[in-house]
Amino acid sequence: MFAITHPDEQRRLATLRGYGLPEVVKGAEFDDIVNLASQICEAPVSLMSLVEVDRQWFAATCGTELTETTLDKSVCSHAILEDEITEIPDTLLDPRTADNPLCHDGTDMRFYAGAPLVAPDGMPIGTLCVLDTKPRRLTPLQRETLRVLGRQVMAQLELRRNVALGDVLRREMDHRVKNSLTMVGSLVRMYRRTAQTPEAEAAFDAVERRLSAISSLHRELHSTSQEDRVPLKSFLGRVLDYLRVEAPSNVTLSLEAEDGNVASAEAAVIGSVVSEFVANAFKYAFPNGVSGEVKVVVKMGPDGFAQMVCSDNGVGLKQAASPSASADALGAKLIKASAEQINADIESELTADGCYLKLTRRAAVAS
């Protein structure tokens, strides 16, 4: 016989569909659960059955090739109306199942026990059930095991749904952040074109470089599962890729970095220092088409970032005086402030062989 409709059927169906489509609500963890239920309950067939409006479909099965049935063959549609395990010792003697086609068509279902799968909102969406070809009863241990395994099914479904919701939110946030960074970058470039002094141009350039570093950091965060840590080598590679677009044709840019992850805030600071050094090298270190290289070398320690050296092999001490002393001072202040943010010492010098800048993490003070 058909089961009566659940008293809050529309809400129940909405809860079920909130867990995803049939091809989504599948996985090895559910296969393991139904296999375990079958073994412990000593039943040849076990199912993770989800009851829809006109059918029941099986997210995981053991001992059968069926993937779904119509509701006239569904015992689980009766079981979801109960608060506890539904056990039918002999299906031919129970009015809910006596006329069920599965009891007469060669399948010979003679025993059924199902634990309701109840969502956190109280709505039953299906059952974890076991079936046998002979009348019988579960032992107390088997009943309790079926109940516990049913709760484990719901825990896995909730985990999957929460992960999926988190992915949707992250994608939406990613889209919005990228749009915001693009808009701000466009505004900075627009206002830079109206700048009236070298100082103003230098300030806008510095802002744009920092936006680039933030964009690179954002991309790196969204390409790794480690939410608040990023692989520094990969991140700096993205920063240098951006800077290469602005590089003079006579200057090459290279990176040597050891593998290791750092906090996202630390990565942003290191990226800003690299951006500032490289931008200054492009401006002053290779005048009149002099060829050369700007190099970034990063060393990692047992606790993360240890040291970074940025260097160029440009004209060094022979370079002409900067056209804007105040612009250079602004860059130096930004680099110094950046170093303080990550508890690092900064050292820089012009030599006969070019310029270098060294950023070294300070040793932790023992408490």
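Residues numbered from 1 in each chain as written. Predicted model: local features only at pLDDT ≥ 70, side-chain atom pairs only at ≥ 80, totals over all residues. Heavy atoms only, no water.

J.: Mind showing me how you'd approach the nonpolar core here?
T.: Inside soluble globular proteins, nonpolar side chains tend to come together where they are buried. L232, V274, V294, V298, F305, M308 and L359 are the most contacted members of the largest nonpolar core, which totals 36 residues. At the level of elements, α6 (232-246), β8 (251-257), α7 (264-284), β10 (292-301), β11 (304-312), α8 (325-341) and β13 (354-361) are the ones that each hand at least two residues to this core. The greatest single-element share of this core, amounting to nine residues, is contributed by α7. Discounting chain neighbours no more than four positions away, the residues touching M308 are I270, V273, V274, V296, V297, V298, L357, K358 and L359. (Core = buried A, V, L, I, M, F, W, Y, C linked by side-chain atoms within 4.5 Å. Buried < 20%, exposed > 50% of the residue type's maximum accessible area, 1.4 Å probe, protein only. Helix = DSSP H or I, 4+ residues; strand = E, 2+ residues; numbered from the N terminus. Contact = heavy atoms within 4.5 Å.)

J.: Any chance you could explain α6 here in plain terms?
T.: The α-helix advances 3.6 residues per turn, and as a result positions three or four apart in sequence lie on the same side. In a regular helix each residue adds 1.5 Å, so 15 residues correspond to 21 Å; α6 covers 22 Å between its end C-alpha atoms and thus fits that length. Every buried residue belonging to α6 is among L232, F235, L236, G237, V239, L240 and L243, and all of these are buried. (Expected span 1.5 Å × (residues − 1).)

J.: Just to check I follow, could you spell out the pattern of salt bridges for this structure?
T.: Two side chains bearing opposite charge may form a pair once their charged atoms approach each other closely. Under the definition given, this model contains 17 salt bridges. A salt bridge links R17 to E52, with the nearest nitrogen and oxygen atoms 2.7 Å apart. Of this pair, R17 sits in helix α1 (residues 9-17) while E52 sits in the loop between β1 (45-51) and β2 (55-62), and the two are 35 residues apart along the sequence. By relative accessible area, R17 is classed as partly exposed at 46%. (Salt bridge = Lys/Arg side-chain N within 4 Å of Asp/Glu carboxyl O.)

J.: What exactly am I supposed to notice about the confidence of the model for the protein chain here?
T.: Atomic detail in the predicted coordinates should be set aside for any region of low pLDDT. On average, residues of the protein chain score 82 in pLDDT, and 78% of them reach the 70 mark or higher. Across residues 322-327 the pLDDT falls below 50, and counting only partners more than four positions away or on other chains, this stretch makes eight contacts in the model. (pLDDT = per-residue confidence, 0-100.)

J.: Could you clarify how one ought to interpret the packing of α6 against α7 in this entry?
T.: Angle between the axes and distance between the axes are the two parameters that describe a pair of packed helices. Two numbers describe how α6 lies on α7: the axes approach to 10 Å, and their chain directions differ by 30 degrees. The orientation of α6 with respect to α7, classified from their angle, is roughly parallel. α7 is crossed by α6, and the crossing has right-handed handedness. For the pair α6 and α7, the contacting residues are L232, F235, L236, V239, L240, L243 and E246 in the first and A267, A268, I270, G271, V274, S275, V278 and F282 in the second. Considered class by class, the residues forming the contact of α6 with α7 number twelve nonpolar, two polar and one charged. (Axes fitted to C-alpha atoms, helices over the stretch in contact; angles between N-to-C directions. Parallel < 35°, antiparallel > 145°, perpendicular 65-115°, else oblique. Left-handed = near helix turned anticlockwise from the far one by under 90°. Nonpolar A, V, L, I, M, F, W, Y, C, P; charged D, E, K, R; others polar.)

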